[in-house]
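# Residue-level structure breakdown
Read off the chains here:
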Amino acid sequence: MATKTALVTGASRGIGRGIALELARMGGRIAINYAGNAAAAAETLAQVRAVGGDGFTVQGDVAVAADRERLVRESVAQFGRIDLLVNNAGVAPAVRADLLEAGEESFDRLFAINLKGPFFLSQAVARQMIGQAPDGEGFRGRIVNITSISAYTASINRGDYCMVKAGLAMMTKLFADRLGQDGINVYEIRPGVIATDMTAGVKEKYDRLILEQGITPIRRWGQPSDVGRAVRAILEDRFPFSTGAVFDVDGGFHLHRL
Ligand code: NAP
């Protein structure tokens, strides 16, 4: 298989790093985007190289138009093409607030980073991909959106987060529909509870729910590599006749159980 290239947003830590590492294991070259944590991004790059991949780190706030444009430009300058965009960067609300108390600042921040950023980055990358020659499998590119079980699970103390993830789920369908004719497949990966900095503050709560109460049939925390392996399968073209598909990487959380 020819060397594949990917732009992964928020790849300095957590799930994004897990994705970068799995793509590196197939020899991929990765643009490792981060917001402010240059040291963590450099550590991801070192780990990527240690498992057989390569790439570069690139600072950029996905909520900022000029930064998104630069991410695409630098990726193309380094790699010549972008085979895969992973819209992974995302933030949780700084404070969990009841629906009747929630403020506009958190709402605007989450919509900017978790939904506006991925939308316009996908638009820019799709334009780039449409101009690329098809690869060995006939693809001009692929796009993966990292949503969450919050796309369909109501949490009334972080409604803004749930709404942006539901929006990102719809965005997957829209781009899948628009880009199918252009040789670009689009997928949604819906992680459950994954052990990262984002969930570190609620570790005890989820330890109880997962390990004691069995909220998921598979009684363990998800790991960034669980998500990474799903993304890798997409870049390996395991799903060439699927687009707009949702992959639940959640230990079975989405099942209705009795
Ligand atoms: P994390 O450990 O907090 O890491 C967040 C990553 O996003 C970091 O690399 C961070 O860069 C980057 N980032 C934050 N704001 C950014 C911005 N404005 N522009 C560019 N990059 C930005 O989070 P995570 O748990 O890995 O979550 C990754 C994604 O998975 C998010 O979309 C999240 O909603 C989703 N998710 C997480 C879970 C979970 O249980 N952890 C479950 C479902 C879905 P810096 O290092 O520079 O700050």
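In this report, the structure presented in the accompanying data block is examined. (Residues numbered from 1 in each chain as written. Predicted model: local features only at pLDDT ≥ 70, side-chain atom pairs only at ≥ 80, totals over all residues. Heavy atoms only, no water.)

Moving on, we get to the layout of surface pockets. In this structure, the second largest pocket spans a volume of roughly 250 Å³. As for the second largest pocket, its lining consists of 16 residues, and the residues nearest its centre are Arg220, Asp226, Val249, Asp250 and Gly251. Sorting the residues of the lining of the second largest pocket by element identifies α8 (224-235) and β7 (246-249) as the ones contributing at least two each. Counting residues per element, the lining of the second largest pocket draws most heavily on α8, at three residues. (1 Å grid on protein atoms, 1.4 Å probe; cavity = no way out; pocket = protein on both sides within 12 Å on 5 of 7 lines; lining within 4 Å. Points joined across faces, edges and corners; volume = space filled by probe spheres on them. Helix = DSSP H or I, 4+ residues; strand = E, 2+ residues; numbered from the N terminus.)

This brings us to the site of the ligand. The local shell around the ligand holds 32 residues, among which Ser12, Arg13, Gly36, Tyr161 and Thr196 are the closest. Within the contact set of the ligand, an oxygen atom lies 2.9 Å away from a backbone nitrogen or oxygen of Ala35. Contact between the ligand and Lys165: an oxygen atom at 3.0 Å from a side-chain N or O atom of the residue. In the complex, the protein chains occlude 93% of the 900 Å² of accessible area that the ligand would expose alone. Among the secondary structure elements, those contributing two or more residues to the shell around the ligand are α1 (14-25), β2 (29-34), α5 (159-179) and α6 (197-200). No other element matches the three residues that α6 contributes to the shell around the ligand. Its residues assigned to classes, the shell around the ligand shows 14 nonpolar, 14 polar and four charged. (Near = heavy atom within 4 Å. Polar contact = N/O pair within 3.5 Å; in protein donor to acceptor, adjacent residues only side chain to side chain. Areas by Shrake-Rupley, 256 points an atom, 1.4 Å probe, with all protein chains shown as cover. Nonpolar A, V, L, I, M, F, W, Y, C, P; charged D, E, K, R; others polar.)

In this section: the nonpolar core. In terms of nonpolar packing, the biggest core is built from 31 residues, with Leu7, Leu85, Val125, Met129, Ile143, Leu179 and Val186 touching the most fellow members. Where this core is concerned, the elements lending two or more residues are β3 (54-59), α3 (65-79), α4 (104-130), α5 and β6 (184-191). Those residues in contact with Leu179, other than ones at most four positions away along the chain, are Ala126, Ile130, Ile143, Ile184 and Val186. Within the second largest apolar cluster, 28 residues are counted, among which are Ala11, Ile15, Ala20 and Val227. (Core = buried A, V, L, I, M, F, W, Y, C linked by side-chain atoms within 4.5 Å. Buried < 20%, exposed > 50% of the residue type's maximum accessible area, 1.4 Å probe, protein only. Contact = heavy atoms within 4.5 Å.)

One pass over the structure, following the stated rule, counts 17 salt bridges. A salt bridge links Arg25 to Glu22; the nearest nitrogen and oxygen atoms lie 3.2 Å apart. Of this pair, Arg25 and Glu22 both sit in helix α1, separated by three residues, roughly a single helical turn. When its relative accessible area of 44% is taken as the criterion, Arg25 is described as partly exposed. For the salt bridge of Lys203 with Asp207, the shortest nitrogen-to-oxygen distance reads 2.7 Å. Residue Lys203 and its partner Asp207 are both found in helix α7 (residues 203-212); the two are separated by four residues, about one turn of the helix. Its relative accessible area of 19% is what places Asp207 among the buried residues. Beyond isolated ion pairs, a larger network of salt bridges with shared partners links Glu22, Arg25, Arg232, Glu236 and Arg238. (Salt bridge = Lys/Arg side-chain N within 4 Å of Asp/Glu carboxyl O.)

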